[in-house]
Amino acid sequence: MNLQERDRAVNWHPYTQMKTADDAIPIVKGKGVYLFDDKGNKYIDAVSSWWVTLHGHAHPYIAQRVSEQLNTLEQVIFAGFTHEPAIQLSENLLKLLPQNQQKVFYSDNGSTAVEVALKICIQHAYNQGKEKTKILAFKNAYHGDTFGAMSVSGRSVWTKPFGEMLFEVIFIDTPTSENIEDLKAQISAYQDEVVCFIYEPLIQGAAGMLMYNAEDLDNLMKFCRANGILMIQDEVFTGFGRTGKLFAANYLSEKPDIMCFSKGLTGGTMPMGITTSTNEIFEAFLSDDKYKTLFHGHSFTANPLACTAALASMELLLNDETQKNIQRISEQHFHFLNILKEHSKVENVRQTGTILAWEIKNDHKTSYFNEIGKKLYDEFLSRGIVMRPLGNVMYLVPPYCISSDELNFIYENILEVLNCL
């Protein structure tokens with residue numbers, strides 16, 4: 001049996017209808033922006049393998065650091081014990097975040113980073129004897145696939161089978177200068193009940209790379225702050241340079257109470273999630289009453305290997321070459337954006353930093369299940385480019401090591417495909 005046959009016999013792939021899906025492409029090697037399959041074909045990973053691979057595949061520096069750590073300490077329970085990589089990672093990360101972020105809680109992916117944040121907010125109120133349990137979120141939100149994360153995500157076919165099991169959430173539109181006062185009025189109606197507001201800053205990724213203004217989010221955050229509503233900023237996607245700055249937080253004057261990270265945290269090398277909080281929130285759990293403990297944990301909390309990968313990735317992120325690459329990619333995207341805007345088959349072209357998105361005009365409304373997405377996916381694969389359209393929404397989220405020539409190759413192929421539609 002070949003790799004495809006063996007895979008089909010035993011594996012269940014994410015977001016995949018296994019009855020009708022094509023056989024998975026066996027990848028045997030990755031290097032830089034390229035993935036290599038078992039037949040010797042190579043593909044440019046234009047979506048950073050679900051938005052995680054910051055510095056390219058099999059980066060030698062990250063591999064070296066993880067290998068050294070593997071021979072020192074691979075795992076230790078993080079209840080009652082600690083270790084240098086976790087301490088150093090927390091110290092290094094907090095230096096880059098808004099100054100009010102002062103404590104780090106480790107988990108193992110984006111969904112659980114969100115779960116931790118929600119539980120912290122709800123128990124924060126509970127520990128202080130406050131009856132506040134309602135949560136505020138944006139329509140079209142996506143925060144993960146665990147039950148709490150699904151609850152604060154927009155209701156859709158993804159969540160429909162579990163609909164009656166999800167907890168109640170107050171959903172509002174993303175803010176604009178036109179609707180901001182209406183949003184404030186909606187929130188005011190629930191002011192005494194709302195415990196927290198969770199949001200994807202600037203970009204709603206899985207919803208179709210929907211983008212909105214930092215100024216409007218600042219306005220809404222300021223209102224929430226004035227009304228005692230804790231704010232959870234989900235930077236699982238936007239963190240670590242994707243927006244052109246280190247974090248979406250760098251575009252905002254208002255600061256969240258809690259932040260969530262994953263995806264690019266380890267440079268795509270290993271699974272890890274982080275939830276950070278203010279000291280004020282942390283102190284609400286300090287008590288002689290053991291029942292006020294945050295009862296949450298994971299077997300692999302603060303895994304030393306993942307912490308080491310994150311430390312190495314952060315070093316690479318902060319060096320001058322990577323920062324210049326992020327700006328170069330952003331500038332190249334902006335130039336191509338203006339070309340796309342003139343194309344008759346394209347609409348709603350938008351960009352934030354290294355993230356470029358646009359929609360294909362067709363007779364069907366924008367939808368994740370728009371059939372054109374599969375056709376586009378297959379066409380770009382045949383051209384040696386991995387793209388994963390969200391229905392008729394196309395986007396680029398490349399690794400930071402991609403060269404100008406490689407980006408131009410992608411752009412040229414995009415125009416060729418558009419001209420053939």
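Use the structure listed above.
These figures come from a predicted structure and were not determined experimentally.

(A) Representation of the overall build of the protein in the model. Along the backbone of the protein there are 13 helices and 16 strands. When the accessible surface of the protein is totalled, it reaches about 20,100 Å², and 52% of it is carbon and sulfur. Of the charged side chains in the protein, 37 are positive and 50 negative, and the gap between their average positions amounts to 2 Å.

(B) Main features of the sheet that holds strand β4 (residues 103-107). Strand order in the open sheet formed by 7 strands is β4-β12-β11-β10-β7-β5-β6, with mixed pairing between adjacent strands. Each edge of the open sheet is held by one strand with a lone partner, namely β4 and β6 (169-172). Within the sheet, the average angular offset between the axes of one strand and its neighbour, ignoring direction, is 20 degrees. As paired strands, strand β7 (residues 194-199) and strand β10 (residues 230-234) are joined by 4 bridges and run parallel to one another.

(C) Just the nonpolar core, in detail. Ranked by internal contacts, the top residues of the largest apolar core, which has 51 residues, are L89, F240, L340, W358, M387, L396 and I414. Formed by 36 residues, the second largest nonpolar core is a distinct cluster that contains V194, I203, A357 and L381.

(D) Seen up close, the packing of helix α12 (residues 372-382) against helix α13 (residues 404-420). Here α12 crosses α13 at 130 degrees, and the two axes come no closer than 11 Å. In terms of orientation, α12 and α13 fall into the oblique class. Crossing angle aside, the handedness with which α12 passes α13 is right-handed. Across the interface between the two elements, L376, E379 and F380 of α12 pack against N413, I414 and V417 of α13. Residue classes in the contact of α12 with α13 are distributed as 4 nonpolar, 1 polar and 1 charged.

Conventions used here
Residues numbered from 1 in each chain as written. Predicted model: local features only at pLDDT ≥ 70, side-chain atom pairs only at ≥ 80, totals over all residues. Heavy atoms only, no water. Helix = DSSP H or I, 4+ residues; strand = E, 2+ residues; numbered from the N terminus. Areas by Shrake-Rupley, 256 points an atom, 1.4 Å probe, with all protein chains shown as cover. Lys, Arg positive; Asp, Glu negative; His and termini not counted. Charge placed at Lys NZ, Arg CZ, Asp CG, Glu CD. Pairing = 2+ DSSP bridges. Axes fitted to C-alpha atoms, helices over the stretch in contact; angles between N-to-C directions. Core = buried A, V, L, I, M, F, W, Y, C linked by side-chain atoms within 4.5 Å. Buried < 20%, exposed > 50% of the residue type's maximum accessible area, 1.4 Å probe, protein only. Parallel < 35°, antiparallel > 145°, perpendicular 65-115°, else oblique. Left-handed = near helix turned anticlockwise from the far one by under 90°. Contact = heavy atoms within 4.5 Å. Nonpolar A, V, L, I, M, F, W, Y, C, P; charged D, E, K, R; others polar.

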